[in-house]
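Listed below are the residues making up each chain.
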Amino acid sequence: MHSPIETFLRKTIYFWALAGGGMLGAIVVVNVWTVLGGFIGLPFAGDFELTEMGVAIAAFMFLPYCQLADQNVTADIFTSKLSAAVQRRFSAIASVLALAFAALLLWRMYLGMLDQKSYSLATTILQIPVWWAYLPALASLALLFIAAGLSLRDNWTGRA
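Residues numbered from 1 in each chain as written. Predicted model: local features only at pLDDT ≥ 70, side-chain atom pairs only at ≥ 80, totals over all residues. Heavy atoms only, no water.

## Observations concerning a nonpolar patch on the surface
Here comes step 1: On the surface, V28, V32, W33, V35, L36, F39, I40 and L42 cluster together to form a nonpolar patch covering roughly 870 Å² of accessible area.
Here comes step 2: On the secondary structure map, F39 appears in helix α1 (residues 4-40). (Patch = residues over 30% accessible without salt bridge, like charges linked within 9 Å, V, L, I, M, F, W, Y side chains within 5 Å. Areas by Shrake-Rupley, 256 points an atom, 1.4 Å probe, with all protein chains shown as cover. Salt bridge = Lys/Arg side-chain N within 4 Å of Asp/Glu carboxyl O. Helix = DSSP H or I, 4+ residues; strand = E, 2+ residues; numbered from the N terminus.)

## Notes on unusual backbone geometry
Here comes step 1: The phi dihedral of S120 is positive, around 55°, even though this residue is not glycine.
Here comes step 2: Mapped onto the secondary structure, S120 falls in the loop between α4 (84-119) and α5 (134-157).
Here comes step 3: Note on S120: relative accessible area 59%, which makes it exposed.
Here comes step 4: Although it is not a glycine, Q127 adopts a positive phi angle of roughly 60°.
Here comes step 5: Within the secondary structure layout, Q127 lies in the loop between α4 and α5. (Buried < 20%, exposed > 50% of the residue type's maximum accessible area, 1.4 Å probe, protein only.)

## Focus on the environment of M1
Here comes step 1: Note on placement: M1 falls in the segment before α1.
Here comes step 2: Distance in space between the C-alpha atoms of M1 and A59 is 30 Å, their sequence separation being 58 residues.

## Describing the nonpolar core
Here comes step 1: If you look at the biggest cluster of nonpolar residues, it comprises 9 residues: A102, M109, M113, W131, Y134, A137, L138, L141 and L144.
Here comes step 2: Mapped onto this core, the elements with two or more residues apiece are α4 and α5.
Here comes step 3: Examining the composition of this core, we find that 5 residues originate from one element, α5, more than from any other.
Here comes step 4: Residues within four places of A102 in sequence aside, it is in contact with L141, L144 and F145. (Core = buried A, V, L, I, M, F, W, Y, C linked by side-chain atoms within 4.5 Å. Contact = heavy atoms within 4.5 Å.)

## Some remarks on the pattern of salt bridges
Here comes step 1: A full pass over the atoms with the stated rule returns 4 salt bridges.
Here comes step 2: In this structure, D154 engages R153 in a salt bridge whose closest nitrogen and oxygen atoms are separated by 3.0 Å.
Here comes step 3: Overall, the relative accessible area of 8% leaves D154 in the buried class.
Here comes step 4: Its relative accessible area of 26% is what places R153 among the partly exposed residues.
Here comes step 5: One salt-bridge network, held together by shared partners, links E6, R10, R153 and D154.

Just geometry here; none of it tells us what the structure is for.
What follows is the structure, encoded as structure tokens:
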């Protein structure tokens with residue numbers, strides 16, 4: 001049984017991943033509009049820019065759920081014959097690495113966002129400030145950090 005705060009965090013991570021799926025769905029709509037609009041004379045200006053930013057954001061949005069659901073890429077061929085306790089310890093080590101990786105990326109992406117903001121860099125056609133794309137990426141990395149902490153605790157204690 002999870003605490004109310006932990007339940008809230010887990011649901012937030014789940015819905016964040018669903019929002020990432022919604023983002024990809026919106027990108028599909030933009031690209032379909034681009035193709036069909038070209039045939040009927042209603043082009044979609046800036047489709048490449050939106051696709052580029054949207055796919056990057058969506059990819060980040062899936063990371064916390066993949067960590068929490070233990071759906072990251074693993075080398076099961078080497079560990080499948082080990083006991084469940086040893087497998088949990090390996091998963092705990094992977095969670096520690098994910099925790100460190102999330103913290104490092106969160107720090108560096110935050111600094112990168114500040115640089116992009118100070119440069120006032122914007123997309124060519126739609127003039128969207130590039131640093132805007134960093135905001136959901138940073139939220140995703142913060143959720144990844146939380147998910148790694150939760151999965152570390154789950155793996156270490158044997159909780160599901």
